[in-house]
Amino acid sequence: MSDVIADMILDMFDDNNSTIQIRRNDLASRLGCVPSQINYVITSRFTPEQGYRIESRRGGGGCIYITRANSKDSAIVALINSVGEELDERTARAQIYNLNYQGLIDDRSAKLLIAATADSNFKGIEAKEKNSVRAKQFKQMLLAYID
């Protein structure tokens, strides 16, 4: 059932429309499932890491907006997905430089990312743990950038 729901949602997107509106109850009744199944599919298959942004509106029957990332955001999402569990300062700087060089982030954002991922922020922390925290922080900052 999850595949059917996901396919139906994906079919709603087209080349001219990067945002779709779903009424959870309406979709559930069309598919003969419970609304919580719709929620499950949306939260598990339409995540920021997969290039989607979800916005829920309450009232008036309520609806869910799903926005597909543009090509710029998709490139950032691909980078997020390629970063492993650890990230050293040198690699982080190289990734940030490449993002800036490709025009995916502006100069100010690059400077902020470099400052936030610098080794000086992680004094007193073991190297492995430092690189793990840096990787998580880097991914979260990039997610916030596309959001």
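For the structure itself, consult the block above.
Throughout what follows, the structure given in this document is the object of discussion. (Residues numbered from 1 in each chain as written. Predicted model: local features only at pLDDT ≥ 70, side-chain atom pairs only at ≥ 80, totals over all residues. Heavy atoms only, no water.)

With respect to the overall build of the protein
Helix and strand content of the protein: 7 helices and 3 strands. Ordered by position from the N terminus, the helices and strands of the protein form the series α-β-α-α-β-β-α-α-α-α. The globule rule puts the C-alpha radius of gyration for 147 residues at 15 Å, and the 19 Å found for the protein is more than 25% above it. Taken along its principal axes, the extent of the C-alpha atoms in the protein is 55 × 30 × 30 Å. Expressed as a percentage of its 147 residues, the buried residues of the protein come to 36%. (Helix = DSSP H or I, 4+ residues; strand = E, 2+ residues; numbered from the N terminus. Rg over C-alpha atoms; globule rule 2.2 N^0.38 Å. Buried < 20%, exposed > 50% of the residue type's maximum accessible area, 1.4 Å probe, protein only.)

Structural notes on the environment of Leu143
Residue position: Leu143 is located in helix 7 (residues 127-146). A relative accessible area of 11% means that Leu143 is categorised as buried. Distance from Leu143 to Arg57, taken between C-alpha atoms, is 21 Å for residues 86 residues apart in sequence.

Section: the packing of helix 6 (residues 107-117) against helix 7
Viewed as axis vectors pointing N to C, helix 6 and helix 7 meet at an angle of 160°, and their least axial separation amounts to 10 Å. Put simply, helix 6 runs roughly antiparallel to helix 7. Judged by the twist between their axes, the crossing of helix 6 over helix 7 is right-handed. Counting all contacts with helix 6, which are made through Ser109, Leu113, Ala116 and Thr117, the residues of helix 7 involved are Arg134, Gln137, Phe138, Met141, Leu142 and Tyr145. For the contact of helix 6 with helix 7, the class distribution of residues is 6 nonpolar, 3 polar and 1 charged. (Axes fitted to C-alpha atoms, helices over the stretch in contact; angles between N-to-C directions. Parallel < 35°, antiparallel > 145°, perpendicular 65-115°, else oblique. Left-handed = near helix turned anticlockwise from the far one by under 90°. Contact = heavy atoms within 4.5 Å. Nonpolar A, V, L, I, M, F, W, Y, C, P; charged D, E, K, R; others polar.)

A closer look at the sheet that holds strand 2 (residues 52-57)
Strand pairing in a sheet takes place through backbone hydrogen bonds and is either antiparallel or parallel in direction. In space, the 3 strands of this open sheet follow the order 1-3-2, with antiparallel pairing throughout. The outermost strands of the open sheet, each flanked by one partner alone, are strand 1 (19-22) and strand 2. For this sheet the average axis-to-axis angle between neighbouring strands, irrespective of direction, equals 20°. (Pairing = 2+ DSSP bridges.)

Quick word on helix 1 (residues 2-12)
Every buried residue of helix 1 is accounted for by Ile5, Ala6 and Ile9. Projected onto a plane normal to the axis of helix 1, the buried residues spread over an arc of 95° and lie on a single side. Exposed side chains of helix 1 directed beyond 90 degrees from the buried face belong to Asp3 and Asp11. Structurally, helix 1 contributes buried residues whose contacts are with strand 1, helix 2 (24-31), helix 3 (35-45) and strand 3 (63-68). (Arc of directions from axis to C-beta.)

So far we have only geometry, and geometry alone does not tell us how the molecule works.
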